[in-house]
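# A closer look at the structure
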Amino acid sequence: MVEFEFKELEALKADVDKLRSDLLDITEKLTDIGKDGAWAAKEGLERQAKELKKRLRKILKDTHKMRKKMGETIQGQIEDRGLMSLIVAAGAGLLLGVLVTWIIKDRDSG
């Protein structure tokens, strides 16, 4: 009877050792899967960041082209209509001067 219990205890010990070994293997595999998943997620995020960076560069390049084209258009209009541009600028300056004077007088009298 003691010998039978000893054999059962040895078998149980062997089963526990096997279970421990299997759990260690599973833990290592899950850790590897987690690392692989994190690596895949990192690669995906890096790929998205590169794509966004590429799109942003294109937007900035397009914006720069539009700004340059608008500047050239405005410059052309000013050159073509020099006298008219001078009159408009003078009128805007005169109007601004009158408004500032009116505001100052109103504030001093109030």
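The structure this text deals with has already been given above.
All values reported here derive from a predicted model rather than from experimental measurement.

With that out of the way, let us pick up the overall build of the protein. The helix and strand inventory of the protein stands at 2 helices and 0 strands. Over its C-alpha atoms the protein spans a radius of gyration of 41 Å, topping by over 25% the 13 Å that the globule rule assigns to 110 residues. Viewed in the frame of its principal axes, the protein has a C-alpha envelope of about 120 × 45 × 5 Å. Going through the 110 residues of the protein one by one, you find that 1% of them count as buried. When the accessible surface of the protein is summed, it comes to about 10,600 Å², and 66% of that surface belongs to carbon and sulfur atoms.

For the rest of this paragraph, the subject is helix 2 (residues 82-109). Relative to the 40 Å expected for 28 residues at 1.5 Å per residue, helix 2 spans 41 Å between its end C-alpha atoms, a close match to the ideal helical length. For helix 2, the buried fraction is low: 0 of the 28 residues fall into the buried class.

Side chains of Leu19, Leu23, Ile26, Leu30 and Ile33 sit close together on the surface and give an oily, nonpolar patch of about 510 Å² of accessible area. Relative to the helices and strands, Ile33 resides in helix 1 (residues 2-80).

Parameters and conventions
- Residues numbered from 1 in each chain as written.
- Predicted model: local features only at pLDDT ≥ 70, side-chain atom pairs only at ≥ 80, totals over all residues.
- Heavy atoms only, no water.
- Helix = DSSP H or I, 4+ residues; strand = E, 2+ residues; numbered from the N terminus.
- Rg over C-alpha atoms; globule rule 2.2 N^0.38 Å.
- Buried < 20%, exposed > 50% of the residue type's maximum accessible area, 1.4 Å probe, protein only.
- Areas by Shrake-Rupley, 256 points an atom, 1.4 Å probe, with all protein chains shown as cover.
- Expected span 1.5 Å × (residues − 1).
- Patch = residues over 30% accessible without salt bridge, like charges linked within 9 Å, V, L, I, M, F, W, Y side chains within 5 Å.
- Salt bridge = Lys/Arg side-chain N within 4 Å of Asp/Glu carboxyl O.

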